[in-house]
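Chains, contacts and geometry: an overview
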Amino acid sequence: MTEVVDKKATSTRLEIIRAAAREFAVKPYSLVNLDDILTHADVTKGAMYTHFRSKHALATAIVEHQIDVVLTAVDKLQTSYSSALETLIDLSYLDATADMSDEMARASFNLLESVGRFDGFQATVLEGWVAAFSNLVRQAIADGDVTETSDPVAVGRLVVSMFLGLRQTSDLNEPKTLIGDLEATWLLMLPAFADPRRLEYLRGFIRRRSALAIRNTAPLVNRNL
Amino acid sequence: MVRQARSEATRQRIIDSAVDLINEIGYPAAGLADIIERAEMTKGALYYHFDSKEALASAIMDDGGTRVLNAFQAAGRPGSPAMENIIHGVFMVTDTVRKDTLAQAASRLMRTFGGFNPAAKTAYGAFLEAMTSRVKTAVAEGDVRADIEPEVIGRAIFGAMLGAELLSDALSAGTDMGKQVVGTWEVLLLAIVQADSLNYYLEFLSRQSSRAATARPEDT
């Protein structure tokens, strides 16, 4: 019996998170109000407050949900024989395409920038992100793709900064532009830390992913028209 | 419900026992009496599940074939070009056949039976279809030559890999399978990949194989 209740509670919670993501994906944090979310989620105000005591709690939950999604994707990317630098590049493409086409991802990147700057939440998430990327760079050094003189944490930080900056300066509604910018930035950064003998291959690896990402991404804005 | 679970466990135990024997002494030498003895089952239990030795072999080919196909499919990632997924998929299949005793026995049986057994035919057909569908995508992505039918390319890849496996099995008891597969791929890539993609895929192959060799040092 408790199990049934738990299951129902989990699905209600997820429904609220999804409805909220739809709002946070298209509106700035300050303009989102809980009543709009209630209308979308088809739950009572009481139910909502059982799960989330504030807009901030809801925002945090969306980011945490998205982190789980990404971690699962990372596990899938790291198949046998995959190279760490390739995984890192794949992850950046995965994040970029999700940011364009998936409401949960878009909302969570938006929220990461707008909430939690003062309560340490943002710092915790970004630290985890940089740490995960730095680990991949460490493995990439062992794989021979990244030069031994590179500082893994600095490279990890650079890639995270590149992505966060790009989603501000580029166009999230135009795959050609965002992916084009992502590719250009990768090609620019690579010689700074990649083994020169691997550069040609890695450039090919990046270009192939760009072509696929541009072809296969349906941006949110076009879908809503 | 309980009975059904027990019956399923019995069936599995017979299959496991047959798989071990086929891998150790080969299908022809593995008699039903040996299989029953190893499984610690009665003749009745075996005949309840399988009409004949060949029915048992068909079950192994069905189950093992599915496992091999799943390994190939799971190796495909949506953000990666299809040609990468094909090469990576073949590495994963080779690994599965090496490490998974059921898949290993199934591939031996398929070679033994070939077109004479419907289970072998079905498993080969399903794999060929999966390969051809990847090849079609790779053609659309511009990596693979468009002037040859995708089915022909799929067949050539699959056939060459089966042949490489057979030769490696016969000549070195399967110990140099990794090396054989890479050598065969090099020739295949020259034949099927578009000129401007060739260097990239030769490098992709060499990266895959060197990482595979690190993962199983006994192969080098």
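Residues numbered from 1 in each chain as written. Chains lettered and ligands numbered in written order. Predicted model: local features only at pLDDT ≥ 70, side-chain atom pairs only at ≥ 80, totals over all residues.

Before going further, it helps to spend a moment on the overall build of chain B. Assigned secondary structure in chain B consists of 10 helices and 0 strands. Tracing chain B from N to C terminus, the helices and strands come up as α-α-α-α-α-α-α-α-α-α. Expressed as lengths along the three principal axes of its C-alpha atoms, the size of chain B is roughly 60 × 35 × 30 Å. Taken across its 220 residues, chain B has 40% of its residues classed as buried. (Helix = DSSP H or I, 4+ residues; strand = E, 2+ residues; numbered from the N terminus. Buried ≥ 20, exposed ≤ 12 C-beta atoms within 10 Å, placed from the backbone.)

With that settled, consider the interface of chain A and chain B. The interface is formed by 14 residues belonging to chain A together with 14 residues belonging to chain B. Top contributing element to the side of chain A that touches chain B by residue count: helix 10 (residues 199-216) of chain A, with 6 residues. Residues belonging to the side of chain A that touches chain B are distributed by class as follows: 7 nonpolar, 4 polar and 3 charged. (Contact = placed C-beta atoms within 7 Å. Nonpolar A, V, L, I, M, F, W, Y, C, P; charged D, E, K, R; others polar.)

Take the confidence of the model for chain B next. On average, residues of chain B score 90 in pLDDT, and 96% of them reach the 70 mark or higher. Interface predicted TM-score (ipTM) for the complex: 0.78; the corresponding pTM is 0.84. (pLDDT = per-residue confidence, 0-100.)

Here the focus is the domain arrangement of chain B. Residue and element names in this part refer to chain B. As far as domains go, chain B holds domain 1 (1-50) and domain 2 (52-219). In this structure, domain 1 and domain 2 have C-alpha centres spaced 29 Å apart. Taken together, the contact pairs 10 residues of domain 1 with 14 residues of domain 2. Per element, the largest residue contribution to the side of domain 1 that touches domain 2 is 7 residues, and it comes from helix 1 (residues 2-25). (Domains from an automatic or database assignment.)

Another point: unusual backbone geometry. We note that A:D42 has phi near 60°; this positive angle belongs to a residue other than glycine. Positive phi, close to 55°, is recorded for B:E40, a residue that is not glycine. Turning to its location among the elements, B:E40 is positioned in the loop between helix 2 (32-39) and helix 3 (43-49). With 9 C-beta atoms packed within 10 Å, B:E40 lands in the exposed category.

Another aspect to go through is the environment of A:D42. Note that A:D42 resides in the loop between helix 2 (34-41) and helix 3 (45-51). Considered as a pair, A:D42 and A:I16 are 26 residues apart in the sequence and their alpha carbons are 8.5 Å apart.

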